[in-house]
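The residues making up each chain are set out below.
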Amino acid sequence: MFRTAGMRNLFMTPFCLWAGIFIFVPLFCMAWYAFTDESGFFTLENFTLAFDRPYFKALMLSVALALASTIICLILAYPLCLILTDKARDLSTIVSLLFILPLWMNSLLLTMAWQTILEKNGILNQMLRYFSLPDANLINTPTAIIIGMVYNFLPYMVLPLYVSLSKIDKRIIEAARDLGASYMQTFWKVILPLSLPGAVSGITMVFIPALTTFVISALLGGGKLLLIGNVIEQEFVAGYNWHWGAGLSMILMIFIVVNMAVTAFFDTSHEEVEEK
Amino acid sequence: MKRETIRLENIAKSFGKLTVLDEVELTIYESEFITLLGPSGCGKTTMLRIIGGFERPDSGRVIFNGRDITELPPNRRPINTVFQKYSLFSHMNVEENIAFGLRIAGKDEGYIRSKINYALKLVNLEGSEKYDVTKLSGGQQQRIAIARAIVNEPKILLLDEPLSALDLKLRRNMRSELVRINRETGITFVFVTHDQEEALSMSDRIVVMNQGYIQQIGTPEQVYNEPENAFVADFIGDSNIIDGIMVRDKLVKIFGREHACEDTGFPPECPVDVQIRPEDITLGEPSEDSFNGIVKKVVFWGMSYDIIVEADGFEWLVQSIHGREVGEEVSITFDPYNIQIMSKPQSEDEEAAQDV
C-alpha cells in the first residue's frame, strides 16, 4: 500500500507512540509494583498473596460467576442466532438492532437500571406483590451479578456467533438432513462444529470482561460480594496497597492471556478451513 | 415394463405470487436415468427439492412405492441428493464425509469401512480417505459428494446441476462416469440441468420443462426428432420454426408453397408450427420449385458451418460441412421426413405454458 518503508514507518508513528505511552509504560509500572514491596525490594509476595483466603475466595467467585454468565450467554445466543440466520430477513434487522441498541448505552447506566429492578422494593418485587407472589430477594446475591453480566455482555456473544452462523451455507445443512440427520443431529454434528470459531470468540468477549468487572458486582452485589475486580479496585482506590493490587492484576492477566491463546488457536484452525 | 418408483401427482407450488410449478404429473421408473431439462426458472430445481423433501408442494402428492411421502422430512426419505456446489462438510475429511449418513443410521464400523472402500472405488478416488475435502479439486469434491450420497443405498439419487461448476473437459468425463454409476448401482437418477447436450447424451428419458409446466416427456431421440411444440423444438438443438398451414394430411403450406410432409391428423387449414433442423437442410442451385434465398452470414465452427440464408423474409439457419460465400444465391431443400409439424398453442393459458 505504501511505496516506501519510510512512509509506512511515518504512518505507524502515532499508533506506536500511543501504544507506548498508554499500554507499555503502564504495563511496566504495574509489573514494577507487582514485583516489589513497599521499600522497593524484589519480592514474589504480591503473587502468593492471591492464595490467601479472602483474595483466593474473591478470585474463585469471579471465575465461577464469569463462567456461569458465559455459559448462560452461550445458551441464550445459539437459538437466537439460529433463528436470525434462518430465512426471515426483515425480522433479523429488528432483532439485531435490539441487541446492538444496549451497546450504545453506558454499561453503568444499564447496571443501575437493573439495580432499580432487583432492589428490595424494586420493580420486580412490586410486580410480584401485585400478583400476590412471594418476594424475590435477588439484589446482593450472585444471581443478581450474573443477571447484570448476562445483560451487559450478551450482545458480545450474539454478534460473533451470528457472523459465523450466517457464513454456513444453507445447502450444507440441507445436505446433513438429506443424509438422514434429524434437526438435533444436524446441530451437534454440523452447525456446532462449523460455528465453533464464532462461539469461541464470543466466549472470550464475554468471559474476560465478566472476570474483570467491578462495576456490576459493586452495584448488584452491594459491596458484600467481592469479586477480584473489586478487591483490586480497593487496593488501589481505597489506598491500601498498590503492590498487592498490581500483583493481583498480574494474576488476573494470566487468565486473560490463556483465554486469548485458546481463541487464537481456534481462529487459526478456522482460517485453514476458509482458505480452499 | 419397468416398475414405478416415484410418482408426482398434480403438484403445484408457488413462492408468493410466483407460480413455479403447476399441474405437474410425472412417473419415474426404477433404475432409470431421467433428466429434468429447462431454462433457469422453469421449476426443475423446485421439482427436485419437492422430491427430496426440502420443499412442500402447495397441492398434490408425492407417491413413493405406493406410499404418500408428501409430508415426510428429507431425513426420513430413502432419497439422497448431490448438490450443485457439492456441500461437503468442511470440518470433516473425505472418509468422515462419506460415513456421515451411515453413522447417523447407526451402522457398525466394519460395514462403514467396507462401504467407504466400495464408494471410493466407484468414483475412482481410492486412497483419498484422509484427505481434507477443502483441498480437493472441484471434480474430486463432486465425486466425494456422489460417494457420500450413494453409500446410503438410496432408492433415488437427485442430482442438482452437479456438473455446472466443472470445466468443460471434466464435465464430459463426469457425464459418462455418472451414467456408469447409474448402471452399476441400479439407483434411479433424477438429474437436473439446463444443458441440452448433457440431457441428450446421458438420459434414458428427458422431461422438458418451461415456466412451471412439463412440455414433453420422452427419450432423447423423441424430444429431439419429434418435439411436441415449438418451445421444445427451439430449446433442444437449433431449429427453424416457421408458421405454416396444414393443407391436408401429409401436405403443409409454408411461405405460400405446398410441401410434402409425413404428419397426419391435423384438421384442414389448421395453422401449425413447422420445424426443420438446420442440419437437415441442403443448399443447392436456385430453381423454380424450391425456396430460393441469399446467403447473409457464414460462421465456421470447425466441424461445420452455420449459414444464414434469407428467403421470403425469413432467416433460415443451415448447418453444412460445405461453406458458402456471402451474397451467393442458393436454393433450400429438405426431405418430407425431416419436417416436424407441431400444433400451435390453442388458448392463452397454453401459450403461457409454452412461452414461445
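About the criteria used
- Residues numbered from 1 in each chain as written.
- Chains lettered and ligands numbered in written order.
- Predicted model: local features only at pLDDT ≥ 70, side-chain atom pairs only at ≥ 80, totals over all residues.
- Domains from an automatic or database assignment.
- Contact = placed C-beta atoms within 7 Å.
- Nonpolar A, V, L, I, M, F, W, Y, C, P; charged D, E, K, R; others polar.
- Pairing = 2+ DSSP bridges.
- Helix = DSSP H or I, 4+ residues; strand = E, 2+ residues; numbered from the N terminus.
- Axes fitted to C-alpha atoms, helices over the stretch in contact; angles between N-to-C directions.
- Core = buried A, V, L, I, M, F, W, Y, C linked by C-beta atoms within 7 Å.
- Buried ≥ 20, exposed ≤ 12 C-beta atoms within 10 Å, placed from the backbone.
- Parallel < 35°, antiparallel > 145°, perpendicular 65-115°, else oblique.
- Left-handed = near helix turned anticlockwise from the far one by under 90°.

## A closer look at the domain arrangement of chain B
Residue and element names in this part refer to chain B.
Argument step 1. Domain parsing of chain B yields domain 1 (4-225), domain 2 (240-277 + 334-356) and domain 3 (282-333).
Argument step 2. Look at where the C-alpha atoms of domain 2 and domain 3 centre, and you get two points 22 Å apart.
Argument step 3. If you look at the interface, domain 2 gives 5 residues, while domain 3 gives 7 residues.
Argument step 4. When the residues that make up the side of domain 2 that touches domain 3 are grouped by side-chain class, the tally is 3 nonpolar, 1 polar and 1 charged.

## What to know about the sheet that holds strand β20 (residues 339-343) of chain B
All names here are of chain B.
Argument step 1. Pairing is antiparallel across the open sheet formed by 5 strands, whose spatial order is β13-β12-β11-β14-β20. What marks the edges here is a single partner per strand, and that holds for β13 (257-260) and β20. Between one strand axis and the next, the sheet turns through 45° on average, direction left out of account.
Argument step 2. Bridge count between strand β12 (residues 251-254) and β13: 4 bridges; the pairing is antiparallel. Opposite I254, over in β13, you have R257 as the bridge partner.

## Here we look at the interface of chain A and chain B
Size of an interface: often given as the accessible area lost when the parts come together.
Argument step 1. The interface is formed by 17 residues belonging to chain A together with 19 residues belonging to chain B.
Argument step 2. When residues of the side of chain A that touches chain B are traced back to their parent elements, those giving at least two are α8 (170-178) and α9 (183-212) of chain A.
Argument step 3. For the side of chain A that touches chain B, the element with the most residues is α8 of chain A, which contributes 6 residues.
Argument step 4. Partitioned by chemical class, the residues of the side of chain A that touches chain B number 8 nonpolar, 3 polar and 6 charged.

## Points about the nonpolar core
For soluble globular proteins, nonpolar side chains are generally found buried alongside one another.
Argument step 1. I51, A147, L157, V190 and V208 of chain B are the most contacted members of the largest nonpolar core, which has 94 residues in total.
Argument step 2. With 6 residues, the top contributor of residues to this core is helix α4 (residues 138-150) of chain B.
Argument step 3. With 48 residues, the next largest nonpolar core counts A66, C73, L161 and Y162 of chain A among its residues.

## Overview of the sheet that holds strand β9 (residues 205-210) of chain B
All names here are of chain B.
Argument step 1. The strand order β6-β7-β8-β3-β9-β10 describes an open sheet built from 6 strands, whose pairing is mixed. Two strands in the sheet have a free side with no partner beyond their single neighbour: β6 (79-82) and β10 (213-218). The average undirected angle you get between the axes of adjacent strands in this sheet is 20°.
Argument step 2. Of the strand pairs in this sheet, β6 and strand β7 (residues 156-160) are connected by 4 bridges, and their pairing is parallel. The residue of β7 that forms the bridge with N80 is L157.

## Some remarks on unusual backbone geometry
All names here are of chain B.
Argument step 1. Positioned with a positive phi, Q211 is a non-glycine residue whose angle comes to about 50°.
Argument step 2. Inspection of the secondary structure assignment puts Q211 in the loop between β9 and β10.
Argument step 3. Judged by local crowding, Q211 falls into the partly exposed class, with 19 C-beta atoms found within 10 Å.
Argument step 4. Backbone geometry places E269, a non-glycine residue, at a positive phi of 65°.
Argument step 5. As for its placement among the helices and strands, E269 is situated in the loop between β13 and β14 (270-276).

## What to know about the environment of N117 of chain B
Argument step 1. In this fold, N117 of chain B is placed in helix α3 (residues 109-122).
Argument step 2. Separated by 226 residues in sequence, N117 of chain B and S343 of chain B have C-alpha atoms that sit 53 Å apart.

## Some points on the pairing of strand β18 (residues 314-320) of chain B
Residue and element names in this part refer to chain B.
Argument step 1. Judged from the 7 bridges that link them, strand β17 (residues 305-311) and β18 form a sheet pairing that is antiparallel. Opposite Y305, over in β18, you have S320 as the bridge partner.
Argument step 2. Turn length for the β17-β18 hairpin, with the two strands adjacent in sequence and antiparallel, is 2 residues, and the turn residue D312 shows positive phi of about 55°.

## A closer look at the packing of α8 of chain A against α9 of chain A
Residue and element names in this part refer to chain A.
Argument step 1. Put simply, α8 and α9 touch, their axes get as near as 10 Å, and they point 140° apart. As far as their axial angle goes, α9 and α8 are oblique. Of the two possible hands of crossing, α8 and α9 adopt the one that is right-handed. Listed contacts from α9 to I172, I173, A176 and R177 of α8 are T186, K189, V190 and I191.

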